[in-house]
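So the chains spell out like this:
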Amino acid sequence: MTLFSNPLDSPSLRLAWLAGLSKKLLGAGSKNEVLDLMDDALSVPAPGGNQGVIENLATLYRGQVGPVADVFDQVDRVGRKSLPEVWVGDTGILASDAVKAAGRSATQMTEAFNGCATVLLTLADAIGAAQRKDEQGRGQLLEQKRALGGKDGFFDDLHENDEEEWDRKNAAHFGSYAVDLMHDAVSEAQEATRVAARDLNKWAAEARAGKMQTSELTSVDKLMLADTGVAGADTELNEILKAGELERASTRMDLLSLDDEMAMERMLARSDTPQERAYLMKALAAGHSVAEIGTFQDKIHGKDPDWMRRHLTPVVTATDSMDDEGLAANGSNNNTDYATFDGQRWIQGGDGSEGTCVASSTVTSRAMVDPLYALDLTGGPDGQEDDPDAFRQRLVAEQHRLHTEGDGGENWGGMGPEGQERINDTTVGSATGSDYQRQDLDSAADRRAVLTEVERSVAQGHPVPVDVSGKDGAHAMTIIAQEGDMLQVYNPWGSTTWVSEDDFINGHMGKASKNDLPNAYSVYLPR
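Here the structure is a predicted model, which is why all the values come from computation and not from measurement. (Residues numbered from 1 in each chain as written. Predicted model: local features only at pLDDT ≥ 70, side-chain atom pairs only at ≥ 80, totals over all residues. Heavy atoms only, no water.)

Quick look at a negative patch on the surface
On the surface, Asp-320, Asp-323, Asp-324 and Glu-325 cluster together into a negatively charged patch. Mapped onto the secondary structure, Glu-325 falls in the loop between α12 (305-312) and β3 (337-338). The partly exposed category is assigned to Glu-325, whose relative accessible area is 45%. (Patch = residues over 30% accessible without salt bridge, like charges linked within 9 Å, V, L, I, M, F, W, Y side chains within 5 Å. Areas by Shrake-Rupley, 256 points an atom, 1.4 Å probe, with all protein chains shown as cover. Salt bridge = Lys/Arg side-chain N within 4 Å of Asp/Glu carboxyl O. Lys, Arg positive; Asp, Glu negative; His and termini not counted. Charge placed at Lys NZ, Arg CZ, Asp CG, Glu CD. Helix = DSSP H or I, 4+ residues; strand = E, 2+ residues; numbered from the N terminus. Buried < 20%, exposed > 50% of the residue type's maximum accessible area, 1.4 Å probe, protein only.)

As structure tokens, this is what we get:
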């Protein structure tokens, strides 16, 4: 048993190793050096994975579509009937609403099984193609080794005639090409695996009702909480409770004392709308006590869902927000949405004039995961205000508080990485149960490698701070969502937009700000 793993077990190291061998082959000065380099390349593990096993797993997933479709048909038949206005579950849910939610859940389950099957089949094809390409490269290397023959002895290696030189250079040339094939095979398998992990993680996060394992709520209650979105917006893009919040709310529900559990259930039953219930559970997920949640409910009870959206959800995602509408003159996306409260943007300094981008991003991130915090800013002490000017004053004061806590620069400008990590821990991590850790991104390979963890985090509802730089200095923003190969970015200039994975990897982050700030150089990962 070895205490150390083979460094070539890492795809990234394999890529670097093979790229180096390919170049060295072209510069090899002797037959023996060429043969040694070929042996080094052949020692690199082939891309792993069993294409047949992955295909069988895809077939298994696709085989579940029929049974789920049958469930949907049964639910749909019930939904078409005129249901009595009766309550079901422990929290006062209309039977008709529950049936509609069950229908949507069945539809989503069908999409998930189909989606996972497609992901797995695509991965199987990519793994098979990569393995064939690797096999082709290895075959060509072995062919060149045979053409060169065995190694020269000491005296043979001292002199090389013209024919031997030609054979050596010819073998090195074709050997380098063969190593390039092996390099491409590793690269393609690595990227296919990353994309599959991204999509499977997303589908797993979409299995939302199952995130709530608590026995204190009925299946209907869980289904409705998982299905509730922000009023007046696409539910799938604007769930009130993200996957991680459903899990945390469930865990904290189980840890409540009997008195607190009964009080929480009474609050849920008292709620007038699905949105009110969902925001109460979001408050529980953010770590608030039942007493604090009771005070919060007194402030929002009786308010319509649109009021709750404005006061409790800083960022609402439009269905057309991912449309490509080209770039503005400064290199930013034309398709950019403002995050506002009554016309006042969630923006650094209240008008964009200050350099508190780190603190301002952190304030908005906390407001996105904690409705009590959001209401303190939008609604004031009594939670009832609808005054954009008062909101602006409170917003800037909170930005300044965090800027000071993070040892930000004078005149409200700039903050170091230690302060940025600290205020994300105390402000956002305290609500999500996460410890933020900085990860530097020194290359496109680093940015590609970190994407899976970034996307898994935002799928769970954990905002991921990202720092960008360029000739205009540096700027802090936050990645807040992911759909397919697109990342949604909140810019503390008061806006959100979408960039592609390629933009993040290859230095085009100016689309979320301006072209003078193209490079993502660090992220803060919640762990």
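Remarks on helix α15 (residues 388-405)
Each α-helix winds once per 3.6 residues, and so residues spaced three or four apart point in a common direction. In this model α15 runs 26 Å from its N-terminal to its C-terminal C-alpha over 18 residues, within 8% of the 26 Å that 1.5 Å per residue would give. Against β4 (340-341), β5 (344-345), α13 (357-369), α14 (371-379) and α16 (417-432) lie the buried residues of α15. Capping of α15 at its N-terminal end is provided by Asp-387; its side-chain oxygen lies 2.9 Å from the backbone amide nitrogen of Asp-389. Asp-407 lies just past α15 and shows a positive phi near 55 degrees. (Expected span 1.5 Å × (residues − 1). Contact = heavy atoms within 4.5 Å. Polar contact = N/O pair within 3.5 Å; in protein donor to acceptor, adjacent residues only side chain to side chain.)

Notes on the sheet that holds strand β6 (residues 436-440)
With antiparallel pairing, the seven strands of this open sheet are ordered in space as β3-β10-β9-β8-β7-β11-β6. Looking at strand neighbours, the two that pair on one side only are β3 and β6, the edges of this open sheet. In this sheet, strand β11 (residues 519-526) lies alongside strand β7 (residues 464-470) in antiparallel orientation, the contact comprising four bridges. In the strand pairing of β11, Ser-469 is matched with Asn-519. The strands that α13 touches are β8 (473-483) and β9 (486-491); relative to β8, the one it contacts most, it runs at about 20 degrees. (Pairing = 2+ DSSP bridges. Axes fitted to C-alpha atoms, helices over the stretch in contact; angles between N-to-C directions.)

Comments concerning the environment of Asp-472
Residue position: Asp-472 is located in the loop between β7 and β8. In sequence terms Asp-472 and Pro-518 are 46 residues apart; their C-alpha atoms lie 9.7 Å from each other. Setting aside residues no more than four positions away along its own chain, Asp-472 makes contact with Lys-514, Asp-516 and Leu-517.

Notes on the pairing of β11
Of all eight residues in β11, six are buried, a share of seventy percent or more. Note that β6 and β11 share five bridges and pair antiparallel. Each residue of the ladder has a partner; that of Gln-439, found in β11, is Val-523.

Considerations on the nonpolar core
Counting residues in hydrophobic clusters, the biggest one holds 30 residues, and the most contacted among them are Met-253, Met-264, Met-281 and Phe-296. Where this core is concerned, the elements lending two or more residues are α7 (219-227), α8 (243-255), α9 (258-270), α10 (274-285), α11 (290-300), α12 and α14. Among the nonpolar cores identified, the runner-up in size contains 21 residues, and Leu-451, Val-466, Ile-479 and Val-499 belong to it. (Core = buried A, V, L, I, M, F, W, Y, C linked by side-chain atoms within 4.5 Å.)

Focus: unusual backbone geometry
Positioned with a positive phi, Asp-342 is a non-glycine residue whose angle comes to about 50 degrees. With respect to the helices and strands, Asp-342 occurs in the loop between β4 and β5. Using a relative accessible area of 31% as the deciding quantity, one classes Asp-342 as partly exposed. The phi angle at Asp-407 is positive, at roughly 55 degrees, despite the residue not being glycine. Along the chain, Asp-407 falls in the loop between α15 and α16.

Regarding α14
Most of α14 is tucked away: eight of the nine residues are buried. Taken as a whole, α14 has its buried residues at Pro-371, Leu-372, Tyr-373, Ala-374, Leu-375, Leu-377, Thr-378 and Gly-379. Once α14 finishes, Gly-380 follows within two positions and takes phi at roughly 75 degrees, a positive value.

Overview of the packing of aromatic side chains
A complete count under the given rule lists two aromatic pairs for this structure. Measuring from centroid to centroid gives 5.2 Å for Phe-341 and Phe-391, while their planes differ by 65 degrees, and the two rings are edge-to-face. In this pair, Phe-341 sits in strand β4 while Phe-391 sits in helix α15, placing the two residues 50 residues apart along the sequence. Side by side, Phe-341 and Phe-391 carry an identical accessibility label, which is buried. By the ring-pair criterion, three or more aromatic residues cluster together here, those being Phe-341, Trp-346 and Phe-391. (Phe/Tyr/Trp six-rings, centres within 6.5 Å; stacked < 30°, edge-to-face > 60°.)

Topic: the packing of α13 against α15
Relative orientation of the contacting elements α13 and α15 amounts to 115 degrees, with a least axis distance of 8 Å. The handedness of the crossing between α13 and α15 comes out as right-handed. Note on element contacts: α15 touches α13 through Leu-395, Glu-398, Gln-399, Leu-402 and His-403, opposite Ala-359, Ser-360, Thr-362 and Val-363. Residues of the contact of α13 with α15, tallied by class, amount to four nonpolar, four polar and one charged. (Left-handed = near helix turned anticlockwise from the far one by under 90°. Nonpolar A, V, L, I, M, F, W, Y, C, P; charged D, E, K, R; others polar.)

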